[in-house]
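Each chain is listed here by its residues.
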Amino acid sequence: MHLVKKLLIGAAALFVVIQLVPVDRTNPPVTARLETPPAVDAVLRRSCYDCHSNETTWPWYSYIAPVKFLVAQDVRRGRELINFSTWNDDPEPIRVGNAELVWEEVEDGEMPMGVYTVMHPDAKLSDADKAVLREWSEGYEESLESAGGDEESAMSGGSDDDEDAEHGGADDDAAEDDDAR
Ligand code: HEC
């Protein structure tokens, strides 16, 4: 009994001490947000934004150790890999790849994370939600092409300096033609 009491006091003391260890719960500015149709936006915000954006709603348990360490780590890692708040900072090929990954992860049932949906049941994706994400993901690359042909030719020219020097003139001509039409 004596030992059990000591252990309990030790555990309680440890619990108090780890509360003092800080974690980063900042929401950095939203600088280059992904623009999507409202239906897509709604699903992403409900199911993904807490970990893949700078608009995280930090839940009460993100203030209590040791859980707060896990939450902060998921958000840090999530933002590192895919961040809808800085989406357009990435070059076009990366964005296209990320849009593909979004549907892959959802299709495989990997995202949103299972531990998350336990605490946020409304973040679970219905079949209709999944269809919305799938359609967006599959059409993303095309939506870029129709939105900005000029930007695209500027991108592909800029991504390879050598080629740019050789074919720069041709690219410019093509861009001008687009403008004229
Ligand atoms: C609780 C936090 C959390 C939520 C909510 C969440 N994710 Fe994630 N996501 C992560 C973490 C953490 C990883 C990294 C997983 C790993 O390393 O295995 C990740 C990885 C990913 C990746 C893989 C990126 C890569 O480069 O491999 C994609 C894509 C992704 N998430 C999309 C989504 C989508 C779409 C949603 C919403 C439907 C979502 N996530 C919801 C935390 C989250």
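(A) Structural detail: the overall build of the protein chain. Within the protein chain, the regular secondary structure consists of nine helices and zero strands. Looking at the 181 residues of the protein chain, the share that counts as buried comes to 17%. Taking all contacts inside the protein chain whose residues are at least 6 apart in sequence as the whole, residues at least 24 apart take part in 75%.

(B) Local environment of helix 4 (residues 67-81). For helix 4, spanning 15 residues, the distance from its first C-alpha to its last is 22 Å, which sits close to the expected 21 Å at 1.5 Å a residue. Among all positions of helix 4, only K68, V71, V75 and G78 are buried. Angularly, the buried residues of helix 4 cover 105° about the axis, an arc narrow enough to put them on a single face. Residues of helix 4 that are exposed and point more than 90 degrees away from the buried face comprise Q73, R76, R77, E80 and L81. Along its buried surface, helix 4 packs onto helix 3 (49-52).

(C) Representation of the site of the ligand within the structure. Within the structure, the ligand sits among 18 residues, and C48, C51, G78, M111 and Y116 are positioned closest to it. If you list the elements that add at least two residues to the shell around the ligand, you get helix 3, helix 4 and helix 5 (92-107). Taken together, the residues of the shell around the ligand sort by class into eleven nonpolar, three polar and four charged.

(D) Focus on unusual backbone geometry. The step from A65 to P66 runs through a cis peptide bond, and the omega angle for that step is 0°. Looking at the element boundaries, P66 is found in the loop between helix 3 and helix 4. Between M111 and the following residue, P112, the backbone shows a cis peptide bond with an omega angle of -5°. With respect to the element layout, P112 can be found in the loop between helix 5 and helix 6 (114-119).

(E) Geometry of helix 2 (residues 38-47). Buried within helix 2 are the following residues: V43, L44 and S47. The buried side chains of helix 2 occupy one side of the element, clustering within an arc of 95° when seen end-on. Here the buried face of helix 2 lies against helix 3 and helix 7 (127-147).

(F) View of the packing of helix 2 against helix 7. Look at helix 2 against helix 7: their axes get within 9 Å of each other, and the N-to-C directions meet at 115°. For the pair helix 2 and helix 7, the sense of crossing is left-handed. Counted together, A39, V40 and V43 of helix 2 and D129, V132, L133 and W136 of helix 7 form the full contact between these two elements. Residue composition of the contact of helix 2 with helix 7, by class: six nonpolar, no polar and one charged.

(G) Spatial organisation of the environment of A99. With respect to the helices and strands, A99 occurs in helix 5. Once the C-alpha coordinates of A99 and G139 are considered, the two residues, 40 residues apart in sequence, prove to be 9.2 Å apart. Look past the residues within four positions of A99 in its chain and what remains in contact with it is S137 and Y140.

(H) Summary view of the environment of E80. With respect to the helices, strands and loops of the structure, E80 is situated in helix 4. Along the backbone, E80 and C51 are 29 residues apart, and their C-alpha atoms lie at a distance of 9.7 Å.

(I) Seen up close, the packing of helix 5 against helix 7. In the contact formed by helix 5 and helix 7, the axes pass within 9 Å of each other and the chain directions differ by 165°. Relative to helix 7, the element helix 5 is oriented roughly antiparallel. When the axes of helix 5 and helix 7 are compared, the crossing they make is left-handed. Residues E92, V96, A99, E100, V102, W103 and V106 of helix 5 lie in contact with helix 7, whose contacting residues are K130, L133, R134, S137, Y140, E141 and L144.

The rules behind each value
Residues numbered from 1 in each chain as written. Predicted model: local features only at pLDDT ≥ 70, side-chain atom pairs only at ≥ 80, totals over all residues. Helix = DSSP H or I, 4+ residues; strand = E, 2+ residues; numbered from the N terminus. Buried ≥ 20, exposed ≤ 12 C-beta atoms within 10 Å, placed from the backbone. Contact = placed C-beta atoms within 7 Å. Expected span 1.5 Å × (residues − 1). Arc of directions from axis to C-beta. Near = placed C-beta within 6 Å. Nonpolar A, V, L, I, M, F, W, Y, C, P; charged D, E, K, R; others polar. Axes fitted to C-alpha atoms, helices over the stretch in contact; angles between N-to-C directions. Left-handed = near helix turned anticlockwise from the far one by under 90°. Parallel < 35°, antiparallel > 145°, perpendicular 65-115°, else oblique.

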